[in-house]
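The residues making up each chain are set out below.
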Amino acid sequence: MEQEQAPERRNNNRVLLIVALFLVLLGINGILFYMNQQKAKQNEQLSSEIKVKDAKLEEQIQQYETLKGDFERQSQELQGMGLANDSLEAKIASINADLLKLRSFRAGSFSLADQKRFQQRAQNFERQLRQKDEEIAQLKRDNETLFTETQTLKDRQNRLTDTLSTVARSNQELSEKVAIASRLQAENIRVGVINRRNKENTDDDNEFKAKRVEKVKVTFNLGRNDVSPKETKQIVMRLLEPDGSALYNLSTGGGTFLTEGNEAFYTAKQEVVFDNTRQAVQFVYAKGSDYKPGQHTVELYADGYLIGKTNFTLK
């Protein structure tokens, strides 16, 4: 009897083993199916994120292209007015560098940190762009005003010439002698430079290092002149670069004036009440960009006449 039950138990055990193996395989297949589903969702999400990043990257590139075009427009407008535009050229170069970096990003590698960083830089450029547009608009208005004033000065000069032509020669000669005698003279002209730390440097030979120059300081005295009346005098400074051109920028106080009947650009001017006490006069000029190496010339004028000049060298 026991011999008959033994084969039956073995058969039952084999069935149970087969059922258990089937359940294990079914569980494994279920797990694999679930993992495949999760992997598919992850791949779909990753693909969507890559598309979003690529769209953001393309949008950022387009924004920088627009900024570049606007800054180039401003540069051309300033060139048309005969003004320096070194700062705009530097911004255009910076935007070109950013564009190279943006185009170097691989698909999906444009991270949120990158997006934020380039967006902040673009906002800064846009703010500078608006400010420069306002400055250019003001410069255009100033140029129109300056043109009108120059025309007025020319008209006055013409009327004055017509009036003087009716005066007797003797009176003319006397007037010319008095005018010449009353011309002021600049004495003890000294040139110093101020670096970016606002430290002033002087040199007996008037030689300085160009890279360290932030501002140029010119000081002198108005010599005694008993003929010249005690009145307000317009003192004009011209700072000439090594090629002979005068530094001239409306936004920093430059303009044009008449010197012995000729119109010329000046770097800075100020009004001084001449009191015949050998009073001191000072000009401090900041170009706003690097100075050119070589010999520079400082010319000083009062009432349209040259009253003194000196040279200094930037190495």
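Structure's up top.
Below: a short report on this structure.

Quick notes on the rules
Residues numbered from 1 in each chain as written. Predicted model: local features only at pLDDT ≥ 70, side-chain atom pairs only at ≥ 80, totals over all residues. Heavy atoms only, no water. Helix = DSSP H or I, 4+ residues; strand = E, 2+ residues; numbered from the N terminus. Buried < 20%, exposed > 50% of the residue type's maximum accessible area, 1.4 Å probe, protein only. Contact = heavy atoms within 4.5 Å. Areas by Shrake-Rupley, 256 points an atom, 1.4 Å probe, with all protein chains shown as cover. 1 Å grid on protein atoms, 1.4 Å probe; cavity = no way out; pocket = protein on both sides within 12 Å on 5 of 7 lines; lining within 4 Å. Points joined across faces, edges and corners; volume = space filled by probe spheres on them. Nonpolar A, V, L, I, M, F, W, Y, C, P; charged D, E, K, R; others polar. Expected span 1.5 Å × (residues − 1). Arc of directions from axis to C-beta. Pairing = 2+ DSSP bridges. Salt bridge = Lys/Arg side-chain N within 4 Å of Asp/Glu carboxyl O. Polar contact = N/O pair within 3.5 Å; in protein donor to acceptor, adjacent residues only side chain to side chain.

Some points on the overall build of the protein
In step 1: Scanning the protein from terminus to terminus reveals 4 helices and 11 strands.
In step 2: The 315 residues of the protein split such that 31% are buried.
In step 3: Within the protein, contacts between residues separated by at least 24 positions form 68% of all contacts whose residues are at least 6 apart in sequence.
In step 4: Surface accessibility of the protein: about 20,800 Å² in total, with carbon and sulfur atoms responsible for 50%.

Looking at the side chain of Thr 219
In step 1: Along the chain, Thr 219 turns up in strand E4 (residues 215-222).
In step 2: Among the residues examined, Thr 219 registers a relative accessible area of 15% and is labelled buried.
In step 3: Those residues in contact with Thr 219 that lie beyond four places of it in its chain are Asn 188, Ile 189, Arg 190, Val 281 and Gln 282.

Structural notes on the layout of surface pockets
With a probe scaled to a water molecule rolled over the atoms, the places where space remains empty come into view.
In step 1: The calculated volume of the second largest pocket comes to roughly 690 Å³.
In step 2: Lining the second largest pocket are 33 residues; nearest its centre among them are Leu 83, Ala 84, Asn 85, Asn 249 and Lys 287.
In step 3: Going through the elements one at a time, helix H1 (2-80), helix H2 (86-103) and helix H3 (112-164) are the ones with two or more residues in the lining of the second largest pocket.
In step 4: Take the lining of the second largest pocket: its biggest share by element is 8 residues, from H3.
In step 5: Residue composition of the lining of the second largest pocket, grouped by class: 11 nonpolar, 13 polar and 9 charged.

So, H2
In step 1: With 18 residues, H2 extends 26 Å from end C-alpha to end C-alpha; this agrees with the ideal 26 Å at 1.5 Å per step.
In step 2: What H2 keeps buried is the set Leu 88, Lys 91, Ile 92, Ile 95, Asp 98, Leu 99 and Leu 102. End-on, the buried residues of H2 take up no more than an arc of 120°, which puts them together on one face.

Considerations on the sheet that holds strand E5 (residues 232-240)
Sheets are built from strands paired through backbone hydrogen bonds, the pairs being either parallel or antiparallel.
In step 1: Spatial ordering of the open sheet is given by E3-E11-E10-E5-E8, a layout of 5 strands whose pairing is mixed. Both outer strands of the open sheet, strand E3 (207-208) and strand E8 (268-273), are each paired with one neighbouring strand and no more.
In step 2: Where E5 meets E8, 6 bridges bridge the pair, whose relative direction is antiparallel. Residue pairing for E8: Lys 233 is matched across the bridge by Val 272.

Description of the pattern of salt bridges
In step 1: The tally for this structure, following the rule as stated, stands at 15 salt bridges.
In step 2: Between Lys 315 and Glu 207 there is a salt bridge whose closest N-O contact spans 2.9 Å. On the criterion of sequence distance, the pair formed by Lys 315 in the segment after strand E11 (305-314) and Glu 207 in strand E3 is long-range, its members being 108 residues apart.
In step 3: The exposed category is assigned to Lys 315, whose relative accessible area is 59%.
In step 4: The residue Lys 233 makes a salt bridge to Glu 231 at a minimum N-O spacing of 3.3 Å.
In step 5: A residue is classified by how much of its surface remains accessible, and Lys 233, at 3% relative accessible area, is buried.
In step 6: You can call Glu 231 partly exposed: its relative accessible area is 36%.

Focus: the environment of Thr 267
In step 1: Topologically, Thr 267 is positioned in the loop between strand E7 (262-266) and E8.
In step 2: Thr 267 sits in the buried class, given a relative accessible area of 1%.
In step 3: Sequence-distant contacts of Thr 267, that is, excluding residues within four places in its chain, are made with Met 237, Arg 238, Leu 239, Leu 247, Thr 252, Gly 253, Gly 254 and Tyr 285.
In step 4: Within the local environment of Thr 267, its side chain forms a polar contact with the backbone oxygen of Leu 247, the two atoms lying 2.8 Å apart.

A short note on the side chain of Asp 98
In step 1: Tracing the backbone shows Asp 98 in helix H2.
In step 2: Here Arg 121 takes part through its side chain, which lies 2.8 Å from a polar atom of the side chain of Asp 98.
In step 3: Setting aside its immediate chain neighbours within four residues, Asp 98 contacts Tyr 64, Phe 118, Arg 121 and Phe 125.

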